[in-house]
Amino acid sequence: MFPIKDNIPTRTFPFLTVLLIVLNVLIFGYELTLPPQMLQAFIHQYGLLPVDILSLRIDKVITSMFLHGGFAHLFGNMLFLWIFGNNVEDALGKIKFILFYLLSGFGAALTQSLISLAAGNPFIPMIGASGAISGILAAYIKLYPHAKVLTVIPPFFFMVFVLPAWFFIGYWFFLQVMFAMVTPPGVGGVAWYAHIGGFITGWFLIDLMYKPQKMKIVHYSTLR
């Protein structure tokens, strides 16, 4: 399923969400300029190796969040970040939002790294913003449980569906768990456990960082 838009307006311009998207796109553009061998070296230098967790390489956790393995990887992450991140930023405010984003990414990186280490694969680099964005999805479903998401579902791209946010995100999380269960842990490919770890981190973290009494009433718009 691919989200197109939601029905939650923002009260402020989502500056940090836009900035994160711009940075990810610019860095990916730089990746495209590198020949294959240099790109591989670049990924190993700035991506997160599971063994880096043991030496507390926080810098590599952060840099790995801004690297992507292809257009589809980048597009999917940035689409989800834009649709759901702007509202979470609106609710938390700028400073708390970026802290929440990074901590969700840390939770994702730790989860995937521990799984990879346990599986005996300490040197497969992990890249992508999806772990941090998974935390954003968890926050969104808690902040806006009655929101609606305009969605297209392959192969019915000519049709659009309006789904409850809890169903859209809940189904997404269900898929991550299912794929993690059938995929050998610690191998290359999609970091399913990073998605799960980021989501769980965000699920509990939002309760610590969000103060509902300071929020104004959210008015929902109608999706058409």
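The following paragraphs examine the structure supplied in this document. (Residues numbered from 1 in each chain as written. Predicted model: local features only at pLDDT ≥ 70, side-chain atom pairs only at ≥ 80, totals over all residues. Heavy atoms only, no water.)

### What about the environment of Ala 132?
Here is the rule we go by: In this text, helices come from DSSP runs of H or I with a minimum length of four residues, and strands from runs of E with a minimum of two, each type numbered from the N-terminal end. Each residue's exposure class comes from its accessible area (1.4 Å probe, protein chains only) as a fraction of the maximum for that residue type: buried when under 20%, exposed when over 50%, partly exposed otherwise. In this description, contact between two residues means that some pair of their heavy atoms is separated by no more than 4.5 Å.
Turning to its location among the elements, Ala 132 is positioned in helix H7 (residues 130-143). Under the relative-accessibility criterion, Ala 132 is labelled buried at 2%. Taking the C-alpha atoms as reference points, Ala 132 and Met 181, separated by 49 residues in sequence, lie 21 Å from one another. Other than its neighbours up to four places away in sequence, Ala 132 contacts Met 65, Tyr 101, Ser 104 and Gly 105.

### Examining the packing of aromatic side chains
Put simply, the test is: Pairing of aromatic rings covers Phe, Tyr and Trp, the last counted by its six-membered ring, and requires centre-to-centre distances within 6.5 Å; plane angles under 30 degrees mean stacked, over 60 mean edge-to-face, and any other angle means tilted.
Counted by the stated rule, this structure contains 15 aromatic pairs. Residues Phe 97 and Tyr 101 carry aromatic rings whose centres are separated by 6.4 Å and whose planes lie at 35° to one another, so their mutual orientation is tilted. Here the residue Phe 97 and the residue Tyr 101 both occupy positions in helix H6 (residues 94-118), the gap between them amounting to 4 residues, near one helical turn. Take Tyr 101: its relative accessible area is 0%, and that puts it in the buried class. Ring plane angle 25° and centroid distance 4.3 Å describe the contact between Phe 173 and Phe 199, whose orientation is recorded as stacked. One end of the pair, Phe 173, is in helix H8 (residues 165-182); the other, Phe 199, is in helix H9 (residues 192-209), and 26 residues separate them in sequence. An aromatic cluster of three or more residues is present, and its members are Phe 80, Phe 84, Tyr 140, Tyr 144 and Phe 168.

### Section: helix H1 (residues 15-32)
Cut-off, in case you're wondering: A helix's residues, less one, multiplied by 1.5 Å, set its expected span. This arc describes the spread of directions from the helix axis toward the C-beta atoms.
With 18 residues, H1 should reach 26 Å at 1.5 Å per residue; the first-to-last C-alpha distance of 26 Å fits that figure. Listing the buried residues of H1 in full gives Leu 16, Thr 17, Leu 20, Ile 21, Asn 24, Phe 28 and Glu 31. Looking straight down H1, one finds its buried side chains confined to an arc of 140°; they lie on one side. Close packing links the buried residues of H1 with helix H2 (36-46), helix H5 (71-92) and H6.

### With respect to H8
Taking 1.5 Å per residue, 18 residues should reach 26 Å; H8 reaches 26 Å between its end C-alpha atoms and fits that length. If you check which residues of H8 are buried, you get Ala 165, Phe 168, Ile 169, Trp 172, Gln 176 and Ala 180. Each buried residue of H8 sits inside an arc of 105° when the element is viewed along its axis, so together they form one side. More than 90 degrees from the buried face of H8, the exposed residues found are Met 181 and Val 182.

### Thoughts on the packing of H6 against H7
So the rule is basically this: For every element, the axis is a line fit to its C-alpha atoms; helices are fit only across the contacting stretch, and the angle between N-to-C directions ranges from 0 to 180 degrees. To sort the angles, those under 35 degrees are grouped as roughly parallel, those over 145 as roughly antiparallel, those from 65 to 115 as roughly perpendicular, and the leftovers as oblique. Helix crossings are classified by the rotation of the near helix relative to the far one: an anticlockwise turn of less than a right angle makes the crossing left-handed, while a clockwise turn makes it right-handed. When residues are sorted by character, Ala, Val, Leu, Ile, Met, Phe, Trp, Tyr, Cys and Pro go into the nonpolar class, Asp, Glu, Lys and Arg into the charged class, and all the rest, Gly among them, into the polar class.
Where H6 meets H7, the axes come as close as 7 Å, and the angle between the chain directions of the two elements is 120°. One element, H6, and the other, H7, form an angle in the oblique class. Here H6 and H7 pass one another in a crossing that is right-handed. Between H6 and H7, the contacting residues are Phe 97, Phe 100, Tyr 101, Ser 104, Gly 105 and Ala 108 on the first element and Gly 131, Ala 132, Ile 133, Gly 135, Ile 136 and Ala 139 on the second. Taken together, the residues that form the contact of H6 with H7 break down as 8 nonpolar, 4 polar and no charged.

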